[in-house]
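Take a look at the letters that make up each chain.
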Amino acid sequence: MFTFSESQLLGWVTPLIWPFLRVLALFSAMPVFGSKNVPERVRIGLAALIAFAAQPSLPPVEAVALDSPLALVLVTQQVLIGIALGFAVRIVFAGVEFAGELIGLQMGLNYGGFFDPVSASNSTAASQFFGSTIAWLFVVINGHLLVIAAVIQSFTAFPVGPEPFAFLKATRPELWGAEIFSSGLWIALPLIAMLLFVNLVMGAISRVASQLSIFSIGFPITLGVGLLGILFTLPAMQSPFTAALERMLALFQ
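About the criteria used
- Residues numbered from 1 in each chain as written.
- Predicted model: local features only at pLDDT ≥ 70, side-chain atom pairs only at ≥ 80, totals over all residues.
- Heavy atoms only, no water.
- Helix = DSSP H or I, 4+ residues; strand = E, 2+ residues; numbered from the N terminus.
- Buried < 20%, exposed > 50% of the residue type's maximum accessible area, 1.4 Å probe, protein only.
- Contact = heavy atoms within 4.5 Å.
- Areas by Shrake-Rupley, 256 points an atom, 1.4 Å probe, with all protein chains shown as cover.
- Axes fitted to C-alpha atoms, helices over the stretch in contact; angles between N-to-C directions.
- Parallel < 35°, antiparallel > 145°, perpendicular 65-115°, else oblique.
- Left-handed = near helix turned anticlockwise from the far one by under 90°.
- Core = buried A, V, L, I, M, F, W, Y, C linked by side-chain atoms within 4.5 Å.

Q: What is the right way to look at the overall build of the chain in this model?
A: In terms of regular secondary structure, the chain is built from nine helices and two strands. Counting every position in the chain, which comprises 253 residues, the buried fraction comes to 38%. For the chain, the share of sequence-separated contacts (at least 6 apart) that also reach a separation of at least 24 residues comes to 81%. For the chain, the computed accessible surface area is about 14,000 Å², with 71% contributed by carbon and sulfur atoms.

See the structure below:
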């Protein structure tokens, strides 16, 4: 008859449960996989598969009784690191959506705001377009694989230990908010400069030909130039998005 002891069972379960919790927390917090469109069973199954497949590359972990206070501390650590990594990826997406907000403001599209049920917040047409585009780009450039590699490497940078908040000293999440404005302005700056030039030209025309109704012709011209600018600058979005994503993931590697 096949028998096993409690220590053997903990030796089998412990190497799996900590990466499972960290990856599951990541999938619950990051964009694309953390959206309401992805069922919870899919996230749980992917987290279990990744935890099992990553066992050869993970550092060894001592067996811990799951009913001990130390186990509760370790669970807290895995959940916090996974959520922090997912939040770091969401910061990059927020920067791109912020760029869409700025561009839509210059184009005059921000009056058409609506409620986005996916993010449970108010959104604009330009911001929603940039967010959907960057979600597709994230999958196309294998950004999800980069995030999975980062969470696996985080077990080397921040191993399983009794200090759940030690990683905060290295990652410094209080500084992540600046990434939204820096990356967002970097993406939106070409279109903002283009639309500013159009507004200057329209202002000069209104002074030269005062009989023209600048308000009736200014909006369609600004909107058309903005749409053309988005069309031509959209392929260049990959470079700043990839750079920002790599900067945020490097904090956990």
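Q: What am I meant to see in unusual backbone geometry here?
A: If a residue is not glycine, its phi is most likely negative; likewise, a peptide bond is most likely trans. Of note in the backbone geometry, Asn142 takes a positive phi value of approximately 60° without being a glycine. On the accessibility criterion, Asn142 (37% relative accessible area) is partly exposed. The backbone phi angle of Arg172 is positive, close to 50°, even though this residue is not glycine. Inspection of the secondary structure assignment puts Arg172 in the loop between α6 (167–171) and α7 (177–208).

Q: What am I meant to see in the packing of α7 against helix α9 (residues 238–249) here?
A: Packed helices, taken two at a time, are described by the angle their axes make and the gap between the axes. The geometry of α7 relative to α9 is characterised by a closest axis approach of 10 Å and an angle of 165° between their N-to-C directions. Here α9 runs roughly antiparallel to α7, going by the angle between their axes. With respect to the hand of their crossing, α7 and α9 are arranged in right-handed fashion. Note on element contacts: α9 touches α7 through Pro240, Ala244, Arg247 and Met248, opposite Glu179, Ser183, Trp186 and Ile187.

Q: Just checking my understanding: could you explain the nonpolar core for this structure?
A: Nonpolar side chains tend toward joint burial in soluble globular proteins. Counting 50 residues, the largest nonpolar core has Phe27, Phe138 and Phe241 as the members making the most contacts within it. At the level of secondary structure, the elements contributing two or more residues to this core comprise α1 (6–29), α2 (40–53), α3 (69–107), α4 (125–140), α5 (143–157), α7 and α9. Of the residues forming this core, the biggest block, 13 residues, is contributed by α3. In this structure, Phe138 is in contact with Met30, Val32, Val89, Phe93, Gly143, His144, Val147, Phe241 and Leu245, ignoring residues within four places of it in sequence. By size, the runner-up hydrophobic cluster in this structure holds five residues, among which are Leu21, Val64, Ala71 and Leu74.

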